[in-house]
Amino acid sequence: MKKLRVMMVVHYTLVPPEDLKDKDDPRMEKFRTEYDVKNALITLGHEVQIVGVYDDLMPIRKMNEEFKPHIAFNLLEDFAGNSAFDYYVVSYFEMMRIPYTGCNPRGLLLARDKALTKMVLTYHRISVPDFYVFRLGRKISRRRKFVFPLIVKSLTEEGSVGIAQASYVENEDQLRERVALIHDKLHGDAIAEQYIDGRELYVTVLGNSKLEVLPIRELVFDNVEPGTPKMATYAVKWDDKYRERWGIVYQFARTLPNGMEGRIQHLCKRVYHLLDMNGYGRIDLRVTADGELYVLEANPNPGIARDEDCTHSAIKSGLSYEDFIQRILHLGITTRSIE
């Protein structure tokens, strides 16, 4: 690929400081994705300018007029503080005819809403957990019958935000309490999903129409007491010491039953296409003891810092980190032609 002018679009609080260079700098944790992507793009020889965005699209318009980028590398996860609005920014790229990396607006809209995702997949006879949606400001009906246990979480938030051990509920009182917490703390709708006991797998998919499934990752719970629900809580995802204390590790999936890897690859490609995803994404699955596959979530534009699961899978497949970033850039360019 020729050398490009790349406009990196990030949250306004996540523009890496110019003096941030030492990986042991305590500020690095906050900016790790933006820092890693920026440096990979520079190493690849591209010219990079970063624009920070919150609730105004004018900075993007100004950067587009002055820098005239070949492509926007989209690292935004929300707009105006709302994660459900990220597809508005991508729609703006479309209207401005700016090529961009990652998923299109329709794919973001379908996949970000966990209930909508499950309705689409259920229609196509793909197994998903049973679920109930609790809209902000509405009371839980006393006449409704729920099948427990359930996992309560935000309908649209990602990164395990709002998920804790208390998200696992076994009766209606616990359900009401947890739904109220999601409403109060996250100011959005809640979803309660059937708890599926089994292995938790993360599958990275690269591509637009022709797809590549990367090596499968797994979240393994080694020291959790029998009967304890196994969930990717916020602490599990973001607290290294918590994982170490409980023997929880992210690793490549081992000893999958014969034929299971092929089934998983076929299923994830199908989900990716049905939700109109493109660029890159991650499908989260549970596989039960009897070999049944359930799709938990589809995640467009997942984390791509050097230490993320998607990156580990890319490197396992034979790509360097820079190769991985270049592949994402190439997929954005080939989907949306440069004038």
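Cut-offs used in this document
- Residues numbered from 1 in each chain as written.
- Predicted model: local features only at pLDDT ≥ 70, side-chain atom pairs only at ≥ 80, totals over all residues.
- Heavy atoms only, no water.
- 1 Å grid on protein atoms, 1.4 Å probe; cavity = no way out; pocket = protein on both sides within 12 Å on 5 of 7 lines; lining within 4 Å.
- Points joined across faces, edges and corners; volume = space filled by probe spheres on them.
- Helix = DSSP H or I, 4+ residues; strand = E, 2+ residues; numbered from the N terminus.
- Nonpolar A, V, L, I, M, F, W, Y, C, P; charged D, E, K, R; others polar.
- Pairing = 2+ DSSP bridges.
- Axes fitted to C-alpha atoms, helices over the stretch in contact; angles between N-to-C directions.
- Contact = heavy atoms within 4.5 Å.
- Salt bridge = Lys/Arg side-chain N within 4 Å of Asp/Glu carboxyl O.
- Buried < 20%, exposed > 50% of the residue type's maximum accessible area, 1.4 Å probe, protein only.
- Phe/Tyr/Trp six-rings, centres within 6.5 Å; stacked < 30°, edge-to-face > 60°.
- Lys NZ or Arg CZ within 6 Å of the ring centre and 35° of its normal.
- Polar contact = N/O pair within 3.5 Å; in protein donor to acceptor, adjacent residues only side chain to side chain.

Asker: Could you clarify how one ought to interpret empty space enclosed by the protein in this entry?
Answerer: Any space left empty among the atoms is revealed by the rolling of a water-sized probe across them. Going through the model one piece at a time under the given rule, you end up with one cavity of 30 Å³ or more. For the largest cavity, the full set of lining residues is Ala-111, Arg-112, Lys-114, Thr-117, Lys-118, Glu-158, Leu-296, Glu-297, Ala-298 and Asn-299. Where the lining of the largest cavity is concerned, the elements lending two or more residues are α4 (105-112), α5 (114-123) and β13 (293-300). The element contributing the most residues to the lining of the largest cavity is β13, with four residues. Its residues assigned to classes, the lining of the largest cavity shows three nonpolar, two polar and five charged.

Asker: Any chance you could explain the sheet that holds strand β2 (residues 47-53) here in plain terms?
Answerer: As a general point, the strands of a sheet are linked pairwise by backbone hydrogen bonds and lie either parallel or antiparallel. One open sheet holds the three strands; their spatial order is β2-β1-β3, and the pairing between them is parallel. Each edge of the sheet is formed by a strand with only one pairing partner; in this case those strands are β2 and β3 (71-74). The average angle at which neighbouring strand axes cross in this sheet is 30°, direction not considered. Taken together, the seven bridges between strand β1 (residues 5-11) and β2 define a ladder with parallel strand orientation. Residue pairing for β2: His-11 is matched across the bridge by Val-53. Together, β1 and β3 form the strand contacts of helix α11 (residues 321-335), whose direction differs from that of β3 by roughly 125°.

Asker: Any chance you could explain the side chain of Asp-309 here in plain terms?
Answerer: Relative to the helices and strands, Asp-309 is located in helix α10 (residues 309-316). Among all residues touching Asp-309, those that are not within four sequence positions of it are Tyr-202, Arg-217 and Tyr-250.

Asker: What's the story with the pattern of salt bridges in this structure? I'm lost.
Answerer: A side chain with one charge may pair with a side chain of the opposite charge, provided their charged atoms come close. A complete count under the given rule lists 22 salt bridges for this structure. A salt bridge links Glu-29 to Arg-32; the shortest N-O distance between them is 3.4 Å. Within this pair, Glu-29 and its partner Arg-32 are both found in helix α1 (residues 28-43), separated by three residues, close to a single helical turn. Residue Glu-29 is classed as exposed on the basis of its relative accessible area of 54%. A relative accessible area of 15% means that Arg-32 is categorised as buried. Where Arg-106 meets Asp-276, a salt bridge forms, and the shortest distance between an N and an O atom there is 3.6 Å. Taken together, the residues span a long stretch of sequence, with Arg-106 in helix α4 and Asp-276 in the loop between α9 (260-274) and β12 (279-287) at a distance of 170 residues.

Asker: What is the right way to look at the layout of surface pockets in this model?
Answerer: By volume, the second largest pocket amounts to about 430 Å³. What lines the second largest pocket is a set of 17 residues, among which Arg-32, Asp-240, Arg-243, Asp-307 and Glu-308 lie closest to the centre. Where the lining of the second largest pocket is concerned, the elements lending two or more residues are α1, α7 (234-238), α8 (240-246) and α10. Its residues assigned to classes, the lining of the second largest pocket shows four nonpolar, one polar and 12 charged.

Asker: What's the story with the sheet that holds strand β4 (residues 131-134) in this structure? I'm lost.
Answerer: The strand order across the open sheet formed by four strands is β4-β7-β5-β6, and the pairing between neighbours is antiparallel. Of all strands in the sheet, those bounded by a partner on one side alone are β4 and β6 (168-169). Pairing between strand β5 (residues 150-154) and strand β7 (residues 190-194): five bridges, direction antiparallel. When the sheet's bridge partners are listed, Val-152 is paired in β7 with Ala-192. Packing against the sheet, helix α6 (residues 172-186) makes contact with β4, β5, β6 and β7, and its axis sits at approximately 10° to β5.

Asker: What am I meant to see in the packing of aromatic side chains here?
Answerer: Think of a pair of aromatic rings as described by two things: how far the centres are apart, and how the planes are tilted against each other in angle. With the rule as written, the count across this model stands at 11 aromatic pairs. With centroids separated by 5.0 Å and ring planes inclined at 25°, the aromatic side chains of Phe-85 and Tyr-88 adopt a geometry described as stacked. What makes Phe-85 partly exposed here is its relative accessible area of 29%. Ring geometry for Tyr-168 and Tyr-195: centres 5.3 Å apart, planes at 90°, overall edge-to-face. Remark: Tyr-195 occurs in the loop between β7 and β8 (199-207) and Tyr-168 occurs in strand β6; sequence separation between them is 27 residues. You'll find Tyr-168 and Tyr-195 in the same group, each marked buried. Taken together, the aromatic side chains of Tyr-132, Phe-134, Phe-146 and Phe-148 make up a single cluster linked through ring pairs. Over the ring of Tyr-202 we find Arg-282; its NZ or CZ atom is 5.4 Å from the centre of that ring. Its end group placed over the ring of Phe-252, Lys-316 keeps NZ or CZ at 5.2 Å from the ring centre.

Asker: Explain the side chain of Thr-117 here, please?
Answerer: When you line up the elements, Thr-117 lands in helix α5. At 2.7 Å, the side chain of Thr-117 forms a polar contact with the backbone oxygen of Leu-110. Those residues in contact with Thr-117 that sit more than four places away from it in its chain are Leu-110, Ala-111 and Leu-275.

Asker: Got a minute to help me understand the environment of Gly-137 in this structure?
Answerer: For Gly-137, the position within the fold is in the loop between β4 and β5. Accessibility expressed as a relative area gives 74% for Gly-137, which makes it exposed. The spatial distance from the C-alpha of Gly-137 to the C-alpha of Glu-172 is 18 Å, given a sequence separation of 35 residues.

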